[in-house]
Amino acid sequence: MTGRGAALLAIVAAGVVAARADSSESDAGRVVYEQRCAACHGASGAGDGPAAAAMEPHPRNLRDADFWRGRTVSQLRQVVRDGKPGTLMAPFGGALSDAEIDAVVAFLQSFRPSGQ
Ligand code: HEC
């Protein structure tokens, strides 16, 4: 196994342990994000995942202050559950439980620039 693979496994394992220990919702959300969202939205949320370049429109840069202006938790929950028509943002309502959707939405807040 490469060093990078081992590091990634360690991160995922840490997330699972944290989730089991019922630590913050955001830690559980990080695991969901890495498994389901990062390929498109990028590990750091910048919209630059390996699959992003071929997409039109590109996945959002979730670190952009403009994206967060006026954005509510219920809007985020809805777009993750129902997807965004006309884009490759798929509905995750069938794949993720409500608790997982809440957790990943909580994790998205960690991309929010301070002051927004
Ligand atoms: C197959 C690639 C892909 C995956 C996987 C993906 N997204 Fe997206 N996402 C997109 C694209 C493309 C858009 C549309 C960009 C736009 O219109 O600005 C988008 C848009 C969004 C938006 C902004 C929607 C809005 O209101 O404009 C959010 C939030 C989001 N995704 C969250 C997530 C989360 C959370 C996950 C994982 C559960 C995820 N995405 C998985 C491609 C993806």
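Summarised in this report is the structure supplied together with it. The structure displayed is predicted, hence computed values, not measured ones.

## Thoughts on unusual backbone geometry
Here is step 1: The linkage connecting Glu 56 with the following residue, Pro 57, adopts the cis geometry, with an omega of -5°.
Here is step 2: Tracing the backbone shows Pro 57 in the loop between α3 (38-41) and α4 (65-68).

## Re the pattern of salt bridges
Here is step 1: In total, this model carries three salt bridges according to the counting rule given.
Here is step 2: The salt bridge involving Arg 77 is made with Asp 102; its shortest N-O contact spans 2.7 Å. Residue Arg 77 is located in helix α5 (residues 73-82), and its partner Asp 102 is located in helix α6 (residues 98-108); the two are separated by 25 residues in the primary sequence.
Here is step 3: Its relative accessible area of 26% is what places Asp 102 among the partly exposed residues.

## Points about the coordination of the iron atom of the ligand
Here is step 1: Every protein donor of the iron atom of the ligand is accounted for by His 41 (NE2) and Met 89 (SD), and the metal-donor separations fall at 2.0 to 2.1 Å.
Here is step 2: For the iron atom of the ligand, the six donor atoms in the first shell make angles of 88 to 179° at the metal, so the coordination geometry reads as octahedral. With His 41 in helix α3 and Met 89 in the loop between α5 and α6, this residue pair connects regions lying 48 residues apart in the sequence.
Here is step 3: On the basis of relative accessible area, His 41 is assigned to the buried category, the value being 13%.
Here is step 4: Judged by relative accessible area, which is 23%, Met 89 ranks as partly exposed.

## Digging into the nonpolar core
Here is step 1: Judged by nonpolar contacts, the single largest core of 17 residues is most densely connected at Tyr 33, Leu 76, Val 80, Val 104, Leu 108 and Phe 111.
Here is step 2: Contributing elements (two or more residues each) for this core: α2 (25-36), α4, α5 and α6.
Here is step 3: Per-element tally for this core: the top contributor is α6, with five residues.
Here is step 4: When near neighbours in sequence (up to four residues on either side) are disregarded, Phe 111 contacts Tyr 33, Ala 43, Ser 44, Gly 45, Leu 62, Arg 63 and Trp 68.

## Section: α6
Here is step 1: Where α6 is concerned, the buried positions are Ile 101, Ala 103, Val 104, Val 105, Phe 107 and Leu 108.
Here is step 2: On the buried face of α6, the contacting elements are α2, α4 and α5.

Rules and cut-offs
Residues numbered from 1 in each chain as written. Predicted model: local features only at pLDDT ≥ 70, side-chain atom pairs only at ≥ 80, totals over all residues. Heavy atoms only, no water. Helix = DSSP H or I, 4+ residues; strand = E, 2+ residues; numbered from the N terminus. Salt bridge = Lys/Arg side-chain N within 4 Å of Asp/Glu carboxyl O. Buried < 20%, exposed > 50% of the residue type's maximum accessible area, 1.4 Å probe, protein only. Donors = N, O, S within 2.8 Å, 3.2 Å for Na, K, Ca; no water. Tetrahedral: all angles 85-135°; square planar, octahedral: opposite > 155°, others 65-115°. Core = buried A, V, L, I, M, F, W, Y, C linked by side-chain atoms within 4.5 Å. Contact = heavy atoms within 4.5 Å.

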